[in-house]
Structures are given as structure tokens and as C-alpha cells.
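This is what each chain is made of:
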Amino acid sequence: MEEFHKVRRLPPYVFEEVNRLKAAARAGGADIIDLGMGNPDLPTPKFIVDKLCEVIRDPRSHRYSASKGIAGLRKAQAAYYQRRFGVKLDPATQVVATLGSKEGFANMAQAITAPGDVVLCPNPTYPIHAFGFLMAGGTIRAIPARPDAEFMVAIDRAVRYSIPKPIAIILNYPANPTAFEADLDFYREVVAFARKHSIAILSDLAYAEIFFDGSPPPSILEVDGAMDVAVEFTSMSKTFSMPGWRMGFAVGNERLLAALARVKSYLDYGAFTPIQVAATAALNAGDEVIEEVRTVYRRRRDVLVDSFGRAGWQIPAPSSTMFAWAPLPPAYRGMGSLEFSKLLIEKADVAVAPGIGFGEHGDDHVRIALVENEHRIRQAARNIRRFLATGEEAGQKVVSLAGQP
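Residues numbered from 1 in each chain as written. Predicted model: local features only at pLDDT ≥ 70, side-chain atom pairs only at ≥ 80, totals over all residues. Heavy atoms only, no water.

Participant: Explain the pairing of strand E6 (residues 200–204) to me, please; I cannot follow it from the model alone.
Facilitator: In the case of a regular strand, side chains alternate between the two sheet surfaces. Counting buried residues in E6 gives 5 out of 5 residues, a clear majority hidden from the surface. Every second residue of E6 is oriented toward a common face, with Ala200, Leu202 and Asp204 on one face and Ile201 and Ser203 on the other, all of them buried. Two elements, strand E5 (residues 168–172) and E6, share 5 bridges in a ladder whose sense is parallel. Opposite Ile170, over in E6, you have Leu202 as the bridge partner. Chirality of the crossover, the property in question, places the unit of E5, helix H8 (residues 184–197) and E6 among those that are right-handed. Bridging between E6 and strand E7 (residues 230–235) involves 4 bridges; their strand directions are parallel. Counted as the bridge partner of Asp204 is Phe233 from E7. (Buried < 20%, exposed > 50% of the residue type's maximum accessible area, 1.4 Å probe, protein only. Helix = DSSP H or I, 4+ residues; strand = E, 2+ residues; numbered from the N terminus. Pairing = 2+ DSSP bridges. Right-handed = clockwise from strand over helix to strand, strands pointing away.)

This is the structure in C-alpha cells:
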């Protein structure tokens, strides 16, 4: 039967091929070290879990919640922004709680996109940044992922030559998967451009607290005038090791947030109230926890870069996020990221995310997630050392076969 219209608009989900191969290998008894999915393995801090357990015993908390978030949670997020970025938010109109930043992006796309609307999206980038708008009937125009002069040239060209004019620019810094970072000077340029052309900015700041070197990543809302055009999305998944809790936020421009809140009011009743109360506790008292999480990822990053480098795979050290954006080893660059990722599972018992899953401009890289402990990362490096030592000839064979019809 013919695919449904919206499903047909979606590109192939390339990660599924790796997932199937990974599952088959495990079913056959292989010990796969999974550095693919960005699924934090750290436990949620005890005080957050304890607050959930306390509230969940109250039967009144079992009722429907509020789709835009309970008042206390929105106040806690506003207080966090004031504390961390010096940005003042009105909890009533400038903060919306979401079921993770992914849901926030997807429903914002539903709220603001008309069929055929053009959205400027980095390539490579986290898939929902593009998929959310594709599912809403929009059209994606790719722009560079790196925040530099080329980025500004690209968005200027897009505005001058796209018909219809773009409605939104997607930003993601620190970036998933590339770990690129933006500074306030870059944000000032983008905000000035967006205000001049009446274009919305949707900024994904999910990794604001996972940084290792230099200054903390800024918020675009620190820029004067940003509140006129920008909404920023954050998540508690990585910051507080709460991925399965599905708790995030959209903050910023009131008009855009009102549209998001209205769409959400038709689609959900918000997160379970005990989860929202526990998230409130995390935001109000979790600064120490954030530093502990950051320390764990910093150590894992250092072990990954050192051990993989000694194994023969040189990987640039990310200064933020929980990912390394790793160029394919020279002998394997011709085969592309998907085939290389499959080969790593088959020959090294290591799973990574193929870069092409984040856009065609990512096909010469793979994303490595820091979601295993230091011992397992070193084990992965030993496996890869053996693979690289014996696999160059096999890799060249795969490359030659890949070119055949």
C-alpha cells in the first residue's frame, strides 16, 4: 500500500539500520559497546527521585496537569534563566514547559508552519530540527552548521532568493552532533538580521550546562532585541540526567510561545504533575548536581580522546556537549558514515551514530556519545585498535564494492 502523505515526506531513518544490526549482534551473543544513541546512563539524582516519590503519594497529583506547565515549574525556569544568563522572563507568558525539547520543537513547527513555508536549518544537525517542519508541511533550506561568516552569507542569500521568504532560522549551539559553539557576537548578528527581515529564531540550547573549556555557553536571549524574535528550547534530560522523564522548556518571545501553548492545549495535558514538581526541585536546588554531571562527561571526553587517539583514531576534543564529532579514519572515508558504522559493529563490537543521519553534510563523520563509563570507553578503544590494525584491507574491499551498481 502507498505510504501516508506525511510519512512519505520524511527521509529514511538511517539510524534504524544501525539499530537492527546492533540488536542482531547482541542476539548472537556479542558484547556491543553502545556509543551511538545520546541516552544518558547516569542515574537521576536522589533528591529529585525522592521529591517525585513524595508527591506521587498524593492522589490529587494524579489528575490532569497543565499543558504549559504548573506555575511553580515555570517560575523555577525563569529563576534559572535569571541566575544563569541574567535574562528576566515572565513565567506567565514567556515560559512554556514541554515534554522535552524535541516535543517543543515539533509542536512549535506545527504552530507556526503553513504548507510550503521555508525554514533555514543547519546541516548537519539534530534530526527533529528539520523533521518537525517537514511533518508540518514546510520546506527545509540547508545552511552551514558552523557559526561563522559563511553562515551569515548563507542566510542572507536564502532570504534574497527563497520564495516564499523563510519564516524561521534554526540555531543549535552547543551543537548536536558537531559540538560547535556560538558566542554573543554571533548571536547579535543573527538577531539583527532576523529583526530586519521579520524572521523567527528557534534556538536549541539543550547542552547549555555540558561544557568543559572556557566560558559557559550563552543564551541568545542575552542579546538586546532577541526577545522580539527568538524562542529558546532547553531540556533537563542531560543537565539533570532525566532523559526518560521528558521535561523541557521553551522560553522567549510571547507571540511564538502563545502559539505553541495553544497547539499543546489541544494535544496534551502536560507532563505528569509529580514529574513537574520534581523538576521544580531540581531547578531550584540542583546547581551542585549540574557540576557533578559536567565533571563525569569531562572525564569521559578525556578518556575517549586519549584512548581512541592511541588506538589510531584521532578525534578532536569537544569543548561542550556529550558527543564527539569524529572524522572517519582515512582508510575508510570513501565508504561513508553508514557503512563504516555498520562495519564497526561487525568487526569491533562498537556502535556509533552515522553522521549522514544528521544531514548529508555529516557523511564524513560519526557521532560518538559519552554514554558509557570510562572502563567501557577504554574497552571500545582496544576493540577499535584491533580493528584498525587488521581492517584496512577489509575496509578497502568494502569501499570498492560500494561503488558497484
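And the narrative resumes.
Participant: In this structure, what is going on with the sheet that holds strand E2 (residues 95–98)? I would like to understand it.
Facilitator: One key point about sheets: their strands pair by backbone hydrogen bonds, in either a parallel or an antiparallel sense. Taken in spatial order, the 7 strands line up as E2-E8-E7-E6-E5-E3-E4 in an open sheet, and their pairing is mixed. Both edges of this open sheet fall to E2 and strand E4 (139–144), since each of them pairs with a single strand only. Across the sheet, the mean angle separating the axes of adjacent strands is 25° when strand polarity is ignored. Note: strand E3 (residues 118–123) against E5, 2 bridges, orientation parallel. Directly across from Val119, in E5, lies its bridge partner Ala168. Each of E3, E4 and E5 is contacted by helix H7 (residues 149–161), which is oriented at about 150° to E4, the strand it contacts most. Most of the contacts of helix H9 (residues 254–267) go to E2, to which it runs at about 35°, and overall it touches E2, E6, E7 and strand E8 (248–252). (Axes fitted to C-alpha atoms, helices over the stretch in contact; angles between N-to-C directions. Contact = heavy atoms within 4.5 Å.)

Participant: Can you help me understand helix H11 (residues 287–311) in this one?
Facilitator: In an α-helix, one full turn covers 3.6 residues, which means residues spaced three or four apart are oriented alike. If you check H11, its first and last C-alpha atoms are 36 Å apart, about what 25 residues at 1.5 Å a residue would give, namely 36 Å. Trailing H11 by a residue or two, Gly312 shows a phi angle of about 110°, which is positive. (Expected span 1.5 Å × (residues − 1).)

Participant: Looking at this structure, how should I read the environment of Gln379?
Facilitator: Along the chain, the position of Gln379 falls in helix H13 (residues 374–402). Overall, Gln379 belongs to the buried group, its relative accessible area being 18%. Put simply, Gln379 and Ser307 are 72 residues apart on the chain and 9.1 Å apart in space, counted from C-alpha to C-alpha. If we ignore the near neighbours within four places in the chain, the residues touching Gln379 are Asp31 and Ile33.

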